[in-house]
Every structure is written in structure tokens, then in C-alpha cells.
Amino acid sequence: MAVLVEPDLRVGAPLRAVRPWTIAGIFGLLATVLCAAASWIPSLWGDEAATLLSAKRPVGSLIGMLLHVDAVHGLYYLFMHGWIRLAGESAFALRLPSAVAVGAAVAAVTLIAGRRGGARAAVVAGIVATVLPRLTYAGEEARSYAFTAAAAAWLTLLLLWLVDGGGRRLAPAARRLAWLLYAVGMAVSSYLFLYFATLLIAHGAVLLGSRASRSTLRAWAVCAAGCMLTLMPLAALAYLERSQISYLSATPDDPSIWYYFLWFGMPWVAIPAWALIALALWPAWRAWRTRVMRPSGTGPRGVSTRLVAATWLFLPTGVMLVVNLVYPMYTGRYSTFAAPAAALLVAEGILVLGRLIGGDPRRTVAATAGATLVFVALCAPVYVLQRGPYAKNDSDWAEISAAMRANAGPGDAVVFDESARPSQRPRLAMRTYPDGFRGVRDVTLRVPYYRNDWWSDRAYSVPAAAQRGRFDGVERVWMIEYDDEEGVQDTWGLADLQALGFFETGRTITTHRSVIIELTR
């Protein structure tokens, strides 16, 4: 495997003897541990509830659901279906695969950076990628986005090896096999998340920018065409299921979030990060302006880290944003697979800054180390915020479950506010943290999720449940209402419960985004 990386080792003596795969292994493990640490603290939220409930279904039920909703996440759900049977359903177990995937992405980032920059560039890129807010967030979320980051990084490394590394010296049969591996990897990764296929645009630009040979361009085009053909069934299902993201059209665009939300989490990280990215790209821009980059010949030229990272960062996301102007289909998390490119460019900017500040090798190393530590310090508060109990979309389901466990008794009934958006309904607290609801009767349940063609439960209204005798023999009800973003408590179901003879005892339990009301009769 070491043949994938042929680094330029013109670096200081302490790093000269460090092998690229050693650096990759160290930072991959570090990133995994950092993402997994405290990942159990934030309450699971709507998207993660969809993951858990989908993964818990029997395979037949899951496939039936995917024909109606979430087909673009089907492969990930199948993986999680097997995973939770091995590791359990706790928040830590659900999120651990994502932490491992981020570790894999960070390892590949060090190898890409080290191809041209050597061990020093690999180390700086590894540090930046390990603390980059988008990756530390993806690494503690039970969704497929961390896997797309890992897949994008390794497939990009494979492409570079074929175009600008040891892959050029393979025998024809072995080279065809490597291209087949690339094509299969692109197809499988796009089945993990459909928009991943836009990475092909960046890879095509890399080949054109490096003046790859006609045979290389032809091989890549065949792979890209094959990948797109295999995605046709998924694309058709995604089109038929497009109503599930219709809420994006009602979400107002705030341009101010695009410069920091995509990869950097907070403005205080984004401002220096974009400055470093501009600094990283400035030498290439200046060279193009002065025509230094114009080759004297017409043959292939080396692929720079700047070219790879810039096309990877800007082109796929740019295409999605342009389409989003016409048809809303995008949110910032969809660009997680480009986060390794952001790490590469930030790291390149730090290296350029170190050379500008320094003059001799020792001062350059010190300046580079100092700038890297400053970036880590800027990212640290974001990491802490990501590990707060309500960090995931303000979800408080773990808190609701704990309150019910402490106060509800066997035979009590629970009624959930069904007026909130499906991914925010308090009912999901019972599905994601069931321990607090043991012995409590779910009197409004109509169709449980595993018998439903939607990912969550279907519920009766309070009057409809009462007509079916669901409240017979019930003396105490816990009504769980959702508070909206403005802190306005909903009153769904309260009047209906009062019509059945229940009255509020005056006892209420307020959680972060919900209110639990006790009623008796």
C-alpha cells in the first residue's frame, strides 16, 4: 500500500524518517478517538432517529420503506441494520461508525498532503483535519456524511495514484483493475449519498488541469459513465421521493451562514480559515497571472495539492448551490464530503504563512507550528459546543426520557404532541430513549414504524384514540408538548384530554424544548 504515496521528503530531520503510513495511522486513530469522545452526550435528533428506526426494521420492512422514503440513505441503513445487532442501540454505539469513518478520512488527508509536501505538510494537514468542525460534527452523528468524507478522500487518493503516482507504472491488466476499483468505489459511495456523484466533476477538472493523457481521460470517462448508469435507479427513486425535502423550499436562505456553516461551524473559525485558503491559492493565482504556470510542452504535468483541493472544495458544492437556486435541494451537511479538501487548503495556507513569516528553516517551523496551534485553539470551543446535551438541533429527547423515568408510574398513559414537524415530535423520545417509558401506555399509537411505509410511527388524535377505548382505565396522563424556536408552548391535545375528564394537576416539567404536563381524572 505504501506505493500509493511517493512523498517529497525535503523536510527537517525529525520528520524525514517518518513513513507516510505511520503519520496516517496516528492521525486517523487520533481523529477517531476525538470524534468518539463524549459523543454520547448530545441527545439524538430527528435524522438520527430516522437512522435508528430504519436500522431496527426487518430487512423486508426496510426495503419496503425505501420505496417510499429515504432511498438515498438505503445502503447506509442496511449497514446500520447489521451494526446495531453487534454493538447495540445506544447513542455512542450508533455514532461510533461515523467516528471511525472520520478517522479514515483524516488518514487519507495526510497521505494526499504528503505526496508533494512531505511529512511536514502531512502533519499539519492531519492536525487541521482532526479538529475541523465539519468533520468533528460528522464524526458524532449517526448519518452517512462521515462515510462520504472518507470515501471522497480515499477515491481522490486512488485517482492521484493512477494519474500522478505509482499507478502509472502498472501492467495494463492491473491498471484496468485499479480503474474498476475506482468506478465501483464511486458508485457505492454515491449509493451512500446520491450527491456524492458530483465529486466526479472535481476529478474531471483535476485530470484536465493536469493535462492527463488521452488514455487516462478515456479510462476515467468510462468509469464516470458506468457510475452514472448504475445510479439511474437510485436517481429515479430520489426524484419520486423528492417531497421529503420539500421543507427546504420553505427554509429561508441566510447568506451569512454559507461562509461559515458549510465546513467551519462558527464565524471565528471561518474568517481565519478563508484567509488561509486565500493565502494557499494566492501563489497559484499569481503564477497564472504571470503565466509561470503555462507549460513549455504539451505533456502531462504534476498534480498539485492546491489543484486537487480547490476543485474538490468548490466545484461539487458550487454545482449543488446553483441547482438549489432553481430547485431547493441543498443543506450545508450535504457538502461534508468536501470537508477534507477544506482541511487541505487550510493546511496549505498555514504552510505558506509559515514560509512568509520565517526566513530560515527554524523560524519557518516555529511559525508553522504556531499558526497550527492557533487554528486548533479556534476550533476547540466549537468542539465543546458540539458535545453539549442539546447540540443536535436543540433536541432534548434524552432529558424527556429521564424526566419520564423519574416521574411516571406503571399504567400511566402518555400522549405526544403530534403537531410538530415529524423529525421534531416528542414521540421520538420514546423511540430513541425507551428506558424512561417502560410500563407507560402509548395510547395514541396507530401504526408502529416497523409496519409503516414512512420511517416513523403514525398516531391517532386524542378523540380517535378515545373512540377505540385507549383511555379506558387510565387515571393519569402525561402530555408532552413541543416548544417551538420562539419558546411558545403548543397546546395540542390538551382540550381533547380535558373533554375526556382529565384536568391539569398543576405539575409541569420543563425540559430544554418541551413541557411535560401531568393530568388526572
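Scroll up for the structure.
Cut-offs and rules
- Residues numbered from 1 in each chain as written.
- Predicted model: local features only at pLDDT ≥ 70, side-chain atom pairs only at ≥ 80, totals over all residues.
- Heavy atoms only, no water.
- Helix = DSSP H or I, 4+ residues; strand = E, 2+ residues; numbered from the N terminus.
- Expected span 1.5 Å × (residues − 1).
- Buried < 20%, exposed > 50% of the residue type's maximum accessible area, 1.4 Å probe, protein only.
- 1 Å grid on protein atoms, 1.4 Å probe; cavity = no way out; pocket = protein on both sides within 12 Å on 5 of 7 lines; lining within 4 Å.
- Points joined across faces, edges and corners; volume = space filled by probe spheres on them.
- Nonpolar A, V, L, I, M, F, W, Y, C, P; charged D, E, K, R; others polar.
- Axes fitted to C-alpha atoms, helices over the stretch in contact; angles between N-to-C directions.
- Parallel < 35°, antiparallel > 145°, perpendicular 65-115°, else oblique.
- Left-handed = near helix turned anticlockwise from the far one by under 90°.
- Contact = heavy atoms within 4.5 Å.
- Pairing = 2+ DSSP bridges.
- Phe/Tyr/Trp six-rings, centres within 6.5 Å; stacked < 30°, edge-to-face > 60°.
- Lys NZ or Arg CZ within 6 Å of the ring centre and 35° of its normal.
- Arc of directions from axis to C-beta.
- Salt bridge = Lys/Arg side-chain N within 4 Å of Asp/Glu carboxyl O.
- Patch = residues over 30% accessible without salt bridge, like charges linked within 9 Å, V, L, I, M, F, W, Y side chains within 5 Å.
- Areas by Shrake-Rupley, 256 points an atom, 1.4 Å probe, with all protein chains shown as cover.

Asks: An account of helix α15 (residues 305–326) is requested, with residue identities and associated values reported.
Replies: Between its first and last C-alpha atoms α15 spans 33 Å; for 22 residues at 1.5 Å apiece the expected length is 32 Å, and the two agree. Thr-305, Arg-306, Val-308, Ala-309, Ala-310, Thr-311, Trp-312, Leu-313, Pro-316, Thr-317, Met-320 and Asn-324 are the residues of α15 that are buried.

Asks: Give a description of empty space enclosed by the protein that names residues and reports values.
Replies: Here the structure, examined in full by the defined rule, presents three cavities of 30 Å³ or more. Taken as a whole, the largest cavity encloses approximately 110 Å³ of empty space. In terms of lining residues, the largest cavity is bounded by 15 residues, among which Asn-393, Ser-395, Trp-397, Gln-424 and Tyr-482 are the most central. Here the lining of the largest cavity is composed, by residue class, of five nonpolar, six polar and four charged. The computed volume of the second largest cavity comes to approximately 60 Å³. Around the second largest cavity, the lining residues are Glu-418, Pro-422, Arg-425, Arg-427, Leu-428, Ser-456 and Asp-457. Of the residues in the lining of the second largest cavity, the class split is two nonpolar, one polar and four charged.

Asks: Provide a residue-level description of the packing of α15 against helix α16 (residues 339–357), including the pertinent values.
Replies: With their axes 8 Å apart at the nearest point, α15 and α16 run at an angle of 140° to one another. Here α16 runs oblique to α15, going by the angle between their axes. Here α15 runs over α16; the crossing is left-handed. Here Thr-305, Arg-306, Ala-309, Ala-310, Trp-312, Leu-313 and Phe-314 of α15 lie close against α16, whose contacting residues are Pro-340, Ala-341, Ala-342, Leu-344, Leu-345, Glu-348, Val-352 and Arg-355. Looking at the contact of α15 with α16 residue by residue, the class counts come to eleven nonpolar, one polar and three charged.

Asks: Hey, could you go over the sheet that holds strand β1 (residues 413–416) for me, with residue numbers and the actual values?
Replies: The five strands are arranged β2-β1-β5-β7-β6 in an open sheet whose pairing can be described as mixed. A strand with exactly one partner marks an edge of an open sheet, and here the two such strands are β2 (441–442) and β6 (503–510). Pairing between β1 and β2: two bridges, direction parallel. Along β2, the bridge assignment pairs Ala-413 with Arg-441.

Asks: Hey, could you go over unusual backbone geometry for me, with residue numbers and the actual values?
Replies: Residues other than glycine seldom take positive phi values, yet Asp-70 does so here, at roughly 65°. Along the chain, Asp-70 turns up in the loop between α4 (59–66) and α5 (74–87). Classification of Asp-70 by relative accessible area gives buried; the value is 5%. The phi torsion at Asn-393 lies on the positive side, around 55°, for a residue other than glycine. Among the secondary structure elements, Asn-393 is positioned in the loop between α17 (361–386) and α18 (397–407). Given the relative accessible area of 40%, Asn-393 is considered partly exposed.

Asks: Any chance you could break down the environment of Ala-342 for me, citing the residues and the numbers?
Replies: Mapped onto the elements, Ala-342 comes out in helix α16. Residue class for Ala-342 comes out buried when judged on its relative accessible area of 0%. Dropping the residues within four chain positions of it, Ala-342 is found in contact with Leu-132, Trp-263, Phe-264 and Leu-313.

Asks: With reference to specific residues and values, describe the packing of aromatic side chains.
Replies: Inspection of the entire model under this criterion finds 21 aromatic pairs. Judged by centre distance (5.3 Å) and plane angle (80°), the rings of Tyr-145 and Phe-193 are edge-to-face. Taken together, the positions of Tyr-145 in helix α8 (residues 145–164) and Phe-193 in the loop between α9 (172–192) and α10 (199–209) put the pair 48 residues apart, joining distant regions of the chain. Aromatic rings pair up to connect Tyr-145, Phe-193, Tyr-195, Tyr-330 and Tyr-334 into one cluster. A cation sits over an aromatic face here: Lys-392 above Tyr-137, 3.5 Å from the ring centre.

Asks: Please give an account of α18 that cites residues and values.
Replies: Of all the positions in α18, only Trp-397, Ile-400, Ser-401, Ala-403 and Met-404 are classed as buried. Angularly, the buried residues of α18 cover 160° about the axis, an arc narrow enough to put them on a single face. Seen from the open side of α18, the exposed residues pointing more than 90 degrees away from its buried face are Arg-405 and Ala-406. Where α18 is buried, its residues meet α3 (46–56), β1, α19 (427–432), β5 (476–482), β6 and β7 (514–520).

Asks: Mind laying out the layout of surface pockets, listing which residues take part and the relevant values?
Replies: Computed from the structure, the second largest pocket encloses a volume of approximately 550 Å³. The wall of the second largest pocket is formed by 23 residues, among which Ala-284, Ser-304, Thr-305, Arg-306 and Leu-307 lie closest to the centre. Going through the elements one at a time, α6 (91–131), α14 (267–289), α15 and α16 are the ones with two or more residues in the lining of the second largest pocket.

Asks: Tell me what's going on with the packing of α6 against α8, and back it up with residues and numbers.
Replies: Between α6 and α8, whose axes approach to 7 Å, the crossing angle comes to 25°. Taken together, the axes of α6 and α8 are roughly parallel relative to one another. Two packed elements cross with a definite hand, and for α6 against α8 that hand is left-handed. Mapping the contact onto sequence places Pro-97, Ser-98, Ala-101, Val-102, Ala-104, Ala-105, Ala-107, Ala-108, Leu-111, Ile-112, Arg-115 and Arg-116 in α6 and Ala-146, Phe-147, Ala-149, Ala-150, Ala-153, Trp-154, Thr-156, Leu-157, Leu-160 and Asp-164 in α8. Residue composition of the contact of α6 with α8, by class: 17 nonpolar, two polar and three charged.

Asks: Let's hear about the pattern of salt bridges: which residues, and what values?
Replies: Here the structure, examined in full by the defined rule, presents 21 salt bridges. With a shortest N-O distance of 2.6 Å, Asp-442 and Arg-427 are connected by a salt bridge. With a gap of 15 residues between them, Asp-442 in strand β2 and Arg-427 in helix α19 connect regions that are remote in the sequence. For the pair formed by Asp-442 and Arg-427, the shared burial category is buried.

Asks: I'd like a description of a nonpolar patch on the surface, backed by residues and values.
Replies: There is a patch of nonpolar side chains on the surface, built from Val-59, Ile-63, Leu-67, Leu-75, Leu-78, Leu-177, Leu-180, Val-184 and Val-188 and spanning about 770 Å² of accessible area. When residues of the nonpolar patch are traced back to their parent elements, those giving at least two are α4, α5 and α9. Counting residues per element, the nonpolar patch draws most heavily on α9, at four residues. Mapped onto the elements, Ile-63 comes out in helix α4.

By themselves, these are just geometric observations and shouldn't be taken as functional.
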